Amino acid sequence: MAKMAKILLAFAAVVAIAEVAMAATYTVGAPNGSWDLQTNYTQWTEANTFHPGDTLTFSYSPSQHDVLEVSQANYDSCGTSNPIATHTDGNTVITLSAVGTRYFICGFNGHCTAGQKVQINVVSGSSTAPAPSSSGPTPPSTVPSTPGSTSPVASPPAGNSPPDSGATTVTVGAGFLVGLAALLAF
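An account of the accompanying structure is given in this report. Computed from a prediction, not measured in an experiment: that's the story for all the values here.

**Quick notes on the layout of surface pockets**
- Computed from the structure, the second largest pocket encloses a volume of approximately 170 Å³.
- For the second largest pocket, the full set of lining residues is Tyr41, Thr42, Thr45, Glu46, Phe50, Tyr75, Gly115, Lys117, Val118, Gln119 and Asn121.
- If you list the elements that add at least two residues to the lining of the second largest pocket, you get α2 (41–46) and β7 (117–122).
- Here the residues of the lining of the second largest pocket are counted per class, giving four nonpolar, five polar and two charged.

**Re the environment of Cys78**
- Along the chain, Cys78 turns up in the loop between α3 (72–77) and β4 (85–87).
- Taking the relative accessible area as the measure of exposure, Cys78 reaches 16% and is therefore buried.
- Here the alpha-carbon distance between Cys78 and Ala114, two residues 36 residues apart in the chain, equals 9.8 Å.

**What about the pattern of salt bridges?**
- Considering all chains together, one arrives at one salt bridge under this definition.
- In this structure, Arg102 and Glu69 form a salt bridge, with 2.7 Å as the shortest nitrogen-oxygen distance. Placement of Arg102 in strand β6 (residues 100–105) and of Glu69 in strand β3 (residues 67–70) is noted, with a sequence separation of 33 residues between them.
- For Arg102, a relative accessible area of 18% gives the class buried.
- Given a relative accessible area of 9%, Glu69 falls into the buried group.

Thresholds, definitions, all that
Residues numbered from 1 in each chain as written. Predicted model: local features only at pLDDT ≥ 70, side-chain atom pairs only at ≥ 80, totals over all residues. Heavy atoms only, no water. 1 Å grid on protein atoms, 1.4 Å probe; cavity = no way out; pocket = protein on both sides within 12 Å on 5 of 7 lines; lining within 4 Å. Points joined across faces, edges and corners; volume = space filled by probe spheres on them. Helix = DSSP H or I, 4+ residues; strand = E, 2+ residues; numbered from the N terminus. Nonpolar A, V, L, I, M, F, W, Y, C, P; charged D, E, K, R; others polar. Buried < 20%, exposed > 50% of the residue type's maximum accessible area, 1.4 Å probe, protein only. Salt bridge = Lys/Arg side-chain N within 4 Å of Asp/Glu carboxyl O.

Here is the structure:
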């Protein structure tokens, strides 16, 4: 019976680690912007897909900006009354815990109406990597094989890597998970 409890505990640990490994952290507006008046947040959100467990990081100067989580009505009207949450620390981290839509604006006078607002649509599933660019990378070219080799050697595409969406993905190797499960099972 004790061995079964250890196996279940190991399984629970593996599942918890796997969930963390699939979450992504997005710096709002990155790589070309941040929480500011110049970033196009519609384009930024269209380039990313958000899932439960992912986190958003808003980086900004607290003397120039803040982050208000608001209702859809306040998002649409840029209203700052009765925000769901107000953040003023300059490095605000928000965990997207459930499927649905969340709304964030800058509460400084005129900033929201100037475009400093972002709508985050959280969809089911889990993040494994940032979404590739819509055009996608070109496939690698192959170099003819040399005498004695058994297959062509692939060369990486030049200058066609997908843009950095500001997401960071943490991954845990399968060997680590198997080792953890084995350790906890004894």
